[in-house]
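Coordinate analysis (summary)
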Amino acid sequence: MSNECLTYTKVLTISSRRKFELIRITDEVIKAVRESGIRNGLVLVFVPHATAAVIANEYEHNIVQDYIEWVRRYVPQEGGWRHNMIDDNAHAHIASAIIGPSRTFPIVNGEVIRGTWQEIMVFELDGPRYRRKVIIQVVGCK
Ligand code: ZN
């Protein structure tokens, strides 16, 4: 029985088409875990960006609009933010800081553990962006 432990890192590049957008990457995360060969451990999904975030929740048309509406309501673009004097996207930095740039999932017997309604999504907060990176890092044992 093999018990090799390792780290496997994969970088995805995605594009966003709108100012606010949820981009589902669940299948890519599962694929990266399969490629790693790791059967027990953790998978980190991280965006190296200050104006995007990662969430794990339902991907249904109405709730997707609600995530965006929440950001619009609680972090309005016209909020009198100081950073807007420099590059006009303070709302995106604040929402990214609050929501967070990563989520981590357990891997048990080769499966990425998620609830039935937990899809893995990148939350674009300052699109459209041609190149957004997503770092998928799998850590564990075969
Ligand atoms: Zn900025």
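This text follows the structure it describes.
Residues numbered from 1 in each chain as written. Predicted model: local features only at pLDDT ≥ 70, side-chain atom pairs only at ≥ 80, totals over all residues. Heavy atoms only, no water.

Helix and strand counts for the protein come out as three helices and eight strands. Looking at the 142 residues of the protein, the share that counts as buried comes to 40%. Put simply, of all contacts in the protein between residues at least 6 apart along the chain, 85% involve residues at least 24 apart. Accessible surface computed for the protein: about 8,200 Å², of which carbon and sulfur atoms make up 51%. (Helix = DSSP H or I, 4+ residues; strand = E, 2+ residues; numbered from the N terminus. Buried < 20%, exposed > 50% of the residue type's maximum accessible area, 1.4 Å probe, protein only. Contact = heavy atoms within 4.5 Å. Areas by Shrake-Rupley, 256 points an atom, 1.4 Å probe, with all protein chains shown as cover.)

So, on to the coordination of the zinc ion. On the protein side, the zinc ion has H83 (NE2), D87 (OD), D87 (OD), N89 (OD1) and H93 (NE2) as donor atoms, found 2.0 to 2.6 Å from it. On the primary sequence, the residues serving as donors to the zinc ion are separated as H-x3-D-x1-N-x3-H. Taking the relative accessible area as the measure of exposure, H83 reaches 26% and is therefore partly exposed. Judged by relative accessible area, which is 40%, D87 ranks as partly exposed. (Donors = N, O, S within 2.8 Å, 3.2 Å for Na, K, Ca; no water.)

The full count for this structure, using the stated rule, is one disulfide. Residue C5 pairs covalently with C141 via a disulfide, S to S 2.0 Å. Since a negative S-S torsion denotes a left-handed disulfide, the C5-C141 link at about 95° is right-handed. Residue C5 is located in strand β1 (residues 5-14), and its partner C141 is located in strand β8 (residues 132-141); the two are separated by 136 residues in the primary sequence. (Disulfide = S-S within 2.5 Å.)

Moving on, we come to the packing of aromatic side chains. Counting across every chain of the model gives one aromatic pair. Centre to centre, the rings of W70 and Y74 are 5.4 Å apart; their planes meet at 40°, and the pair counts as tilted. With a gap of four residues between them, W70 and Y74 both fall in helix α2 (residues 61-74), about one helical turn apart. (Phe/Tyr/Trp six-rings, centres within 6.5 Å; stacked < 30°, edge-to-face > 60°.)

This brings us to the environment of Y130. By the secondary structure assignment, Y130 is in the loop between β7 (119-124) and β8. Residue class for Y130 comes out exposed when judged on its relative accessible area of 68%. Along the primary structure Y130 and V71 are separated by 59 residues, whereas in three dimensions their C-alpha atoms are 22 Å apart.

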